[in-house]
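What the coordinates show
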Amino acid sequence: MFKEKLRTQILGGCLQDYKNHLSGLYKGFYITLDGLQGQYLVKISINPANEADMAALVSFLDNQKLNQKKLINAVTGSHSISLTIKMPSLGKNIPDTINSIVDPVIDYLISYTFTSGCSECGSTMDQIDCYEINGGHYFLCNTCKDKIHASLQTNQQEIQSKKSSLVAGLVGAFLGSLIGAVLWILIYKLGYIAGIAGAVTSICAMKGYAILGGHLDKKGVIGSVIIMFIAIFFANKIAWSWDAYSALKDYGWTFTEIYKELGYILEETDLVGSYYGELVIGYILTIACSAKTIINAFRESTGSYSIKKVN
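This structure is a prediction, so every number in the text was calculated from the model and none was measured.

Considering the environment of Asp-62
Tracing the backbone shows Asp-62 in helix α2 (residues 51-67). Residues Asp-62 and Ala-74, 12 residues apart in the sequence, show an inter-C-alpha distance of 7.5 Å.

Here it is as structure tokens:
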């Protein structure tokens, strides 16, 4: 995740680098550090002596948010603190940024006799290990890990037992995709090919499927993606027809005629290559912008989960 020189400067080099995150024990507190988009998420496992200590901690963190410009958010759970830190633009500033935010929190916890254990139950008696659960990282005792695992299995079974109405869902996906198609056309009129419009199309299509189909299952995700590609094809054709209409309307062409004869017009103007070239670029940008959304939707639609111990 970090070059070794940087890792050794972050929290005294106490956290081990596991390529996709850092985790370890720092000054007696279990800590994980995950990289998000432009941010770092630092989670600290805590165990307060009483509720008054937690109330005081919340107040302290609120003050930290006011005083630390790089601290975007600080959230407390029953036995954890989550610090969202803005990623500095220069790599060499990463250690100082993280240390300047995390160290005062750790010092506060030490001064008020907080301890550290399982981030779910606070246990300090059982063995505590770091687990990767659906991409996130948590220090847990075996009991809490087993409970979370059982909960994920139950959720998976419930999701897989739900069935959607395919026809109604596809109608919903079609209606939802129209929003993205309109956005595609408008952005194209500004002179751009925008993958973000394709991503919006996929999100709206899947949302429409879920609303009318009753549930976004595996076939719903697949159907929504197919409709997304179809919607982009026709959006691109409409956008090109609109441009052609602007050039040919004075010669008596109607928009409907141009749309029907677009293939002929492209051949006569030697623009077939440009037309399909832009369509391919549009598809590539759409895939790039929506791939993560589609993968996550597919995973959620099947109740898929991952849980493993970090070695």
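From this point, things continue past the structure.
Points about the sheet that holds strand β3 (residues 29-36)
Across the sheet, six strands lie side by side as β1-β2-β3-β4-β6-β5; this open sheet has antiparallel pairing. On the outer flanks of this sheet lie β1 (15-17) and β5 (71-76), each paired with one strand and no other. The average undirected angle you get between the axes of adjacent strands in this sheet is 15°. Sheet topology places strand β4 (residues 39-45) next to strand β6 (residues 80-86); seven bridges connect them, and they run antiparallel. From the neighbouring strand, Tyr-40 faces β6, where its bridge partner is Ile-85. α2 rests against β5 and β6 of the sheet, and its axis sits at about 175° to β5.

A short note on the packing of helix α5 (residues 166-189) against helix α6 (residues 195-213)
Following both chains from N to C, one finds α5 and α6 inclined at 155°, their axes separated by 6 Å at the closest point. Our classification of the angle between α5 and α6 gives roughly antiparallel. Crossing geometry of α5 relative to α6 is assigned as right-handed.

Quick notes on the rules
Residues numbered from 1 in each chain as written. Predicted model: local features only at pLDDT ≥ 70, side-chain atom pairs only at ≥ 80, totals over all residues. Heavy atoms only, no water. Helix = DSSP H or I, 4+ residues; strand = E, 2+ residues; numbered from the N terminus. Pairing = 2+ DSSP bridges. Axes fitted to C-alpha atoms, helices over the stretch in contact; angles between N-to-C directions. Contact = heavy atoms within 4.5 Å. Parallel < 35°, antiparallel > 145°, perpendicular 65-115°, else oblique. Left-handed = near helix turned anticlockwise from the far one by under 90°.

Purely geometric numbers; function is a separate question.
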